[in-house]
Amino acid sequence: MSLTLWLKKIADKEMPAFRKTAAELATASNSTEAGTEVLGRLILQDPALTARMLKLSNTAFYNSTGKPINTISRAVLVLGLDTVRSLCLSLALMESFLQGKRQERVLSDLGRSLHAAMQARTLAILQKDPQPEEVFIAALLYRLGHLVFWCFAEEEGAALEAMVKSGTEDLIAEKAVLGFSLAQLSQALVDDWKLSPLLKDLYRGHKHGVSADSVLKGWEIARLAENGWATPAIRGFVAKTAEKAKVDPPHFGTGLVKVAREARVMALQFGSPVCASQIPVP
């Protein structure tokens, strides 16, 4: 299928609920007052989503006060509209992929995406970025095309997997089997569903600025950590990033590990041990 047909298949057949949720969340982000009402209604109409949202809202990563959050309105008040919106998008994405065919592979990749997103958000806050939740969403969806393809691909997925296993580079194999790259599919989905202006800029090569830097570094640390937290590559990353941010390297490195632990807890809160297993902790 062409890229256009893949987009239509995903939107109409495979992920219509996620597309609708993403559109409603985009509406919620346009106005603080109306957005709170739209977001609250969107969450409360789904009891399972409400329960998961409250559970995540009470994790240490988001609720540093330790005071229980028992209602969605209080979650918005304590955490902020943008934070609740990013959590809602994460849960909707997880729900979509739990229905796919290649769950183990996809949930493993989603674990990496979640880890990268939480590291990126932390880096954005460290660098005083005014929109850390936009950074979180951009990092979470950075490889959306890969996630969607492997979740719903059938014959194409088998053909691509066989070609990659034979030693062909991923990009070459993707274009040979599909006629387009999975990075192009990511960009097309983000454009078509209006998911993240920051991500659109990144795909267009605009990689400067605090927000873009946080997204890319979040992904860098997530990938490096998969080879172990005590490697020279990790130490180099910590030293370089800490120096740029003017923070103490040991303290910064400990903070990265703490975020990884919290990302694993969050993946388990999503209800996916496979997703959590992809997030490396010492």
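All chains use their own residue numbering, which begins from 1 and follows the written sequence. Since the coordinates come from a predicted model, pLDDT governs what is reported: local features require at least 70, and pairs of side-chain atoms require 80 or more to be given and counted, while whole-chain, interface and lining totals use all residues. As a convention, hydrogens and water are excluded, and side-chain values are obtained from all of the structure's heavy atoms.

Caption draft 1: Spotlight on the overall build of the protein chain. What the protein chain contains, in helices and strands, is 17 helices and 0 strands. Classification of residues uses two cut-offs on accessible area relative to the type maximum, computed with a 1.4 Å probe and protein chains only: under 20% is buried, over 50% is exposed, and between them is partly exposed. Classification of the 282 residues of the protein chain by burial places 51% in the buried group. Here the contacts in the protein chain between residues at least 6 apart in sequence split such that 63% fall between residues at least 24 apart. Exposure was quantified through the Shrake-Rupley algorithm and a 1.4 Å probe, taking into account, for residues, occlusion by the shown protein chains and nothing else. Accessible area for the protein chain stands at about 13,200 Å²; split by element, carbon and sulfur atoms hold 55% of it. With 33 positive and 29 negative side-chain charges, the protein chain shows a separation of 3 Å between the mean positions of the two kinds. Think of it this way: any DSSP run of H or I at least four residues long counts as a helix, any run of E at least two long counts as a strand, and we number them from the N terminus. Should any heavy atoms of two residues lie within 4.5 Å, those residues are considered in contact. Positive charge is attributed to Lys and Arg, negative charge to Asp and Glu, and no charge count is given to His or to the chain ends. Charged side chains are reduced to one point each, which is NZ for Lys, CZ for Arg, CG for Asp and CD for Glu.

Caption draft 2: Spotlight on the packing of helix 1 (residues 3–14) against helix 12 (residues 182–193). In this description, a line fitted to the C-alpha atoms serves as the axis of each element, helices being fitted only across the stretch in contact, and the angle between N-to-C directions of two axes falls anywhere from 0 to 180 degrees. Here helix 1 crosses helix 12 at 55 degrees, and the two axes come no closer than 11 Å. One way to sum up the angle between helix 1 and helix 12 is to call them oblique. Two packed elements cross with a definite hand, and for helix 1 against helix 12 that hand is right-handed. Touching Leu3, Leu7, Ile10 and Ala11 of helix 1 are Gln184, Leu185, Ala188, Leu189 and Trp193, all from helix 12. Looking at the contact of helix 1 with helix 12, its residues break down into 8 nonpolar, 1 polar and no charged. Throughout, the term roughly parallel applies to angles under 35 degrees, roughly antiparallel to angles over 145, roughly perpendicular to angles from 65 to 115, and oblique to all others. Crossing handedness: left-handed means the near helix sits turned counterclockwise from the far one by under a right angle, and right-handed means the same turn made clockwise. Each residue receives one of three labels: charged for Asp, Glu, Lys and Arg, nonpolar for Ala, Val, Leu, Ile, Met, Phe, Trp, Tyr, Cys and Pro, and polar for the others, Gly being one of them.

Caption draft 3: Unusual backbone geometry, seen in detail. Phi is positive for lysine 128, which is not a glycine, with a value near 60 degrees. If you trace the backbone, lysine 128 turns up in the loop between helix 7 (103–126) and helix 8 (132–140). A residue is classified by how much of its surface remains accessible, and lysine 128, at 73% relative accessible area, is exposed. Non-glycine residue lysine 194 carries a positive phi angle of around 55 degrees.

Caption draft 4: Spatial organisation of the packing of aromatic side chains. Between the rings of Phe, Tyr and Trp (Trp by its six-membered ring), a pair exists once the centres lie within 6.5 Å; its type follows the angle of the planes, with under 30 degrees stacked, over 60 edge-to-face, and the other angles tilted. For the coordinates displayed, the defined rule picks out 6 aromatic pairs. Note on phenylalanine 61 and tyrosine 62: the rings are 4.9 Å apart at their centroids and 90 degrees apart in plane angle, and the pair reads as edge-to-face. Note on accessibility: phenylalanine 61 and tyrosine 62 belong to one class, buried. Ring geometry for tyrosine 142 and tryptophan 219: centres 5.8 Å apart, planes at 40 degrees, overall tilted. Here tryptophan 219 lies in helix 14 (residues 210–225) and tyrosine 142 lies in the loop between helix 8 and helix 9 (144–152), a separation of 77 residues in the sequence. Classification of tyrosine 142 by relative accessible area gives partly exposed; the value is 21%. Judged by its relative accessible area of 2%, tryptophan 219 is buried. Here the aromatic cluster, defined as three or more aromatic residues joined through ring pairs, consists of Trp6, Phe149 and Trp150. Any Lys NZ or Arg CZ found within 6 Å of a ring centre and within 35 degrees of that ring's normal is scored as a charge over the ring. Positioned over the ring face of tryptophan 6 is lysine 9, at 4.7 Å from the centre of the ring.

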